[in-house]
2 protein chains.
Amino acid sequence: MTLIFKNVNLLESCGYSGTVNVVIKDKTIEYIGAQMPEYNADRVIEGNGNLLMPAFYNTHCHSAMTLFRGYGDDLPLQRWLNEKIFPAEDLLNEERVYTGSMLAIAEMIKNGVVSFSDMYFFLDETAKAVEQTGVKANLSRSIVSFDSNADFSKDLRVLESIDVYKNWNGKADGRIKIDMSLHAEYSNVPKCFDYVGALTKELETGFQIHVSETKAEHEECIARHGLTPTAFLAKHGILDNAVTAAHCVWVSDEDIKLMAKYPISIAHNPVSNLKLGSGIMPYKKMRDAGINVTLGTDGAASNNRLSVLRELQFATLIHKGAERDPSVTLAADMIKCATRNGAIAQGRMDCGEIKVGSRADVVLVDMSSFDNIPSYSFESTVCYSMTESDILMTLCDGNILYENGTYTTIDEQLLKHEAKRVISHYFD
Amino acid sequence: MTLIFKNVNLLESCGYSGTVNVVIKDKTIEYIGAQMPEYNADRVIEGNGNLLMPAFYNTHCHSAMTLFRGYGDDLPLQRWLNEKIFPAEDLLNEERVYTGSMLAIAEMIKNGVVSFSDMYFFLDETAKAVEQTGVKANLSRSIVSFDSNADFSKDLRVLESIDVYKNWNGKADGRIKIDMSLHAEYSNVPKCFDYVGALTKELETGFQIHVSETKAEHEECIARHGLTPTAFLAKHGILDNAVTAAHCVWVSDEDIKLMAKYPISIAHNPVSNLKLGSGIMPYKKMRDAGINVTLGTDGAASNNRLSVLRELQFATLIHKGAERDPSVTLAADMIKCATRNGAIAQGRMDCGEIKVGSRADVVLVDMSSFDNIPSYSFESTVCYSMTESDILMTLCDGNILYENGTYTTIDEQLLKHEAKRVISHYFD
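Analysis parameters
What you see as residue numbers is a count from 1 along each chain, following the sequence as written. Here chains are named by letter from A upward and ligands by number from 1 upward, in the order in which they appear as written. Selection of residues for local features in this predicted model requires a pLDDT of at least 70, selection of side-chain atom pairs for listing and counting requires 80 or more, and totals for whole chains, interfaces and linings are taken over all residues. The side-chain numbers reported here are obtained from all heavy atoms of the structure, hydrogens and water having been left aside. Burial status follows relative accessibility: with a 1.4 Å probe on protein chains alone, a residue under 20% of its type maximum counts as buried, one over 50% as exposed, and anything between as partly exposed. Numbering of helices and strands runs from the N terminus, with a helix taken as a DSSP run of H or I at least four residues long and a strand as a DSSP run of E at least two residues long. Here a strand pair is declared whenever DSSP counts at least two bridges between the two strands. In this analysis, two residues are considered to be in contact whenever any of their non-hydrogen atoms come within 4.5 Å of each other. For any pair of parts, buried area is found by adding up, for both, the accessible area (1.4 Å probe) each one loses once the two are put together. Definition used for salt bridges: Asp or Glu carboxyl oxygen within 4 Å of a side-chain nitrogen of Lys or Arg. Polar contact criterion, stated in full: a pair of N or O atoms within 3.5 Å, where within protein one must be able to donate a hydrogen and the other to accept it, and residues adjacent in sequence count only if both atoms are side-chain atoms. Residues were grouped as follows: Ala, Val, Leu, Ile, Met, Phe, Trp, Tyr, Cys and Pro as nonpolar; Asp, Glu, Lys and Arg as charged; and all remaining residues, including Gly, as polar. With axes taken as lines fitted to C-alpha atoms, and helix axes fitted only over the stretch in contact, angles between N-to-C directions fall between 0 and 180 degrees.

A. The pairing of strand β12 (residues 265-268) of chain B, seen in detail. Residue and element names in this part refer to chain B. Neither face of β12 is exposed, since Ser265 and Ala267 on one face and Ile266 and His268 on the opposite face are all buried. Pairing of strand β11 (residues 242-247) with β12, which is carried by three bridges, proceeds in the parallel orientation. Within β12, the residue paired with Thr244 across the bridge is Ser265. In this sheet, strand β13 (residues 292-295) lies alongside β12 in parallel orientation, the contact comprising four bridges. Within the sheet, the bridge partner assigned to His268 lies in β13 and is Leu295.

Structure, rendered in structure tokens:
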């Protein structure tokens, strides 16, 4: 399958100026340039002044929680969790997690997101949804453990993580990867960190965890262990793995120095952190320390959307405001957080940028929308003015998943029908 | 002209539950209820589970600056103004202001905004655009003055304000109102405040001004006059008028107490304040003091969009994050800031809410979009998940201005063509 984008604009950060022709052969970007090489193209798409840019990578999500979008908004965190979310999660089953995951993926595809990192349970269901819809995901079974005397080699959740790894890692043509995950420092005993950390190393896979999301959690860890959550993870060997640390709102300057020594990626979730009243992550210090900052949406229950473009726009703006300096965030840097850096966090080194040899994970953006007139810089347009509805096409591994409002891998009406049924069962 | 929305959902804050029928006769909402009274309807629109809500009011804008969207982003404020915006504005003329205003209005209509307050110049051109497109606006000629010895009765900008008032106030069937405006405390001599304040009182019209947008401006006013900008305005009698004070990021607790004694409205511009690094307005204190807080976009040059929905979503989220308390902002309150409170600020007392007798300024929101599934509360959906592209229809004074992506009062292709020409002339 050969697809050509003809006379399309590319983001300046891709290193090209003016319009170019982009040839996609099967999964890969084969050619970028002013020439139109001889290809037997299956399809030629006219650029029409529109913008081709890398698709978005969402490095922190709980996809099935889309079922709980708007369920208990505006409550303080502990009441929201105890009165709303935990009882709701208690009623989850395979079918409900599948439907929630499908809703999440449908929303992400139209928002230009082609890959997500997920921490949840009933992983087989989310994996099935990923396989069917053509997106990519790093899925993880998020473990909680409260028994220091447990034999973790027999722990059901650990065994489930290993099972899922064996069944799904590398499947769907490499689109599915299975990471290990502990929910957080405060929700696991230290021994579990040692055990799962060693397991992660053995499997040579990624590791997902919540870190210093709230002030209380950060301070309680210090009281408990005499260490910050980041120092605690380093001590237990977790940081030797390819860790994606979600939130990191309350990390100290010392934590940032420590992180910079490890292959860590930070999943910055600005909207969730604002919505739950957690605070504003020290982005500038992390960037200055050279840490790989990426963007995540968190679950729809605490956002309430799954749009990395929205996270990108929030992140760019709130750090300028919080530091009272408009030069703190630069559009090109922030776009990289939303694309290439996310692919790196997921261990997908040939993804997240538009260059010859890269996987063709791209979106085509409508530059004729009133949102985007005028446009003096494509970076500025992406960062400050474009909306999700300006996304004309979403491609993952060279496959068109969405075009002009229509899905190619999702039966939209059927999914909405199923969603209605699941949601009504769930809350009556 | 009689229009019926049949079996449509209304925001709970409107006081109705379940679906209702809404009858709009000419400009006004004539009936809301479960019955379907006998009307010779010109058109019946099926609700289909969608949401009818008040349209958005934008209380601070410089509409023609849409021409400068993305022109010099990420620069510090003074460099942005001196190197980019001031030289660009120096080249403005009637045609350019008209085209910039039309671009702004087209963007606002699709974003569900039916009325805006504007501070700029070449007001005749913006007024023409408002008249043609069917929206509402409170337009003001933003005056700067640096000569204490001037005779303001002969000042050209004051005379222009009076002329525009005479020519346009109340025109276009009351859709156009003309306010008086001084740009800011720091850009005018005290004598000009006395003169224009008295003029505003005489004309019984509104007054628009920037107040305490930046820390430097706030502190320099104290150094200059021994008064904060708010206290300075009170001293010069300005606050006796119906003032819309834009920004108010740096107002003191004393300023807030003072404001609460006057018929003032605050135009909160969260995105612009973040983007320019100005800071975060003390929303909670203002709300607790009972001040009429409204939402504005500011100009597209410092935003870069003209979406009150986006401002509403940013405002709701950033104050939770900044105060580290998710209960600081409530969805229903914030929606009121974006709708009814804005209408009050503009002196349009019969606008901004859905009730019998109100002007029919409404938007119809697609509840079948993946953004909005599930929806446990309409307020939550509006505040946290809906996007501008979920807006199916925008009505102003009962007229449909936009429906399913099509404008009824704007020739979209012609406007884009004109915009291209104006922008290319301007920047080559």
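Next comes the rest of the description.
B. Structural view of the interface of chain A and chain B. Contact residues are listed per partner, giving 63 residues for chain A and 63 residues for chain B. The junction of chain A with chain B conceals about 5,000 Å² of combined surface from both sides, 63% of it contributed by carbon and sulfur atoms. Its largest share of buried area at the contact with chain B, chain A owes to Asp74(A), Phe370(A) and Tyr376(A), together 18% of the area lost on that side. The tally of links from chain A across to chain B stands at two salt bridges. Across the pair Asp371(A) and Lys110(B) runs a salt bridge, and its minimum N-O distance is 3.3 Å. Inspection of the region where chain A meets chain B yields 20 residue pairs in polar contact (both at pLDDT 80 or more). Mapped by element, the contributors of at least two residues to the side of chain A that touches chain B are α2 (94-110), α9 (270-275), α11 (308-323), α14 (378-385) and α15 (412-427) of chain A. Of the residues forming the side of chain A that touches chain B, the biggest block, seven residues, is contributed by α11(A). Its residues placed into classes, the side of chain A that touches chain B shows 29 nonpolar, 18 polar and 16 charged.

C. Broad picture of the sheet that holds strand β11 (residues 242-247) of chain A. Residues and elements named next belong to chain A. Taken together, eight strands build an open sheet; the order of strands is β6-β7-β8-β9-β10-β11-β12-β13 and the sheet is parallel. Each of the sheet's edge strands pairs with one partner strand only, and the pair in question is β6 (56-61) and β13 (292-295). With strand direction ignored, the average angle separating the axes of adjacent strands in the sheet is 25 degrees. Bridge analysis of β6 against strand β7 (residues 113-120) gives four bridges, and the strand direction is parallel. Pairing of Cys61 across the sheet is with Asp118, part of β7. Relative to the sheet, helix α4 (residues 156-168) contacts β8 (136-141) and β9 (176-184), its axis offset from that of β9 by approximately 165 degrees. Strands in contact with α11 are β6, β7, β12 (265-268) and β13; relative to β6, the strand with the most contacts, it is inclined by about 80 degrees.

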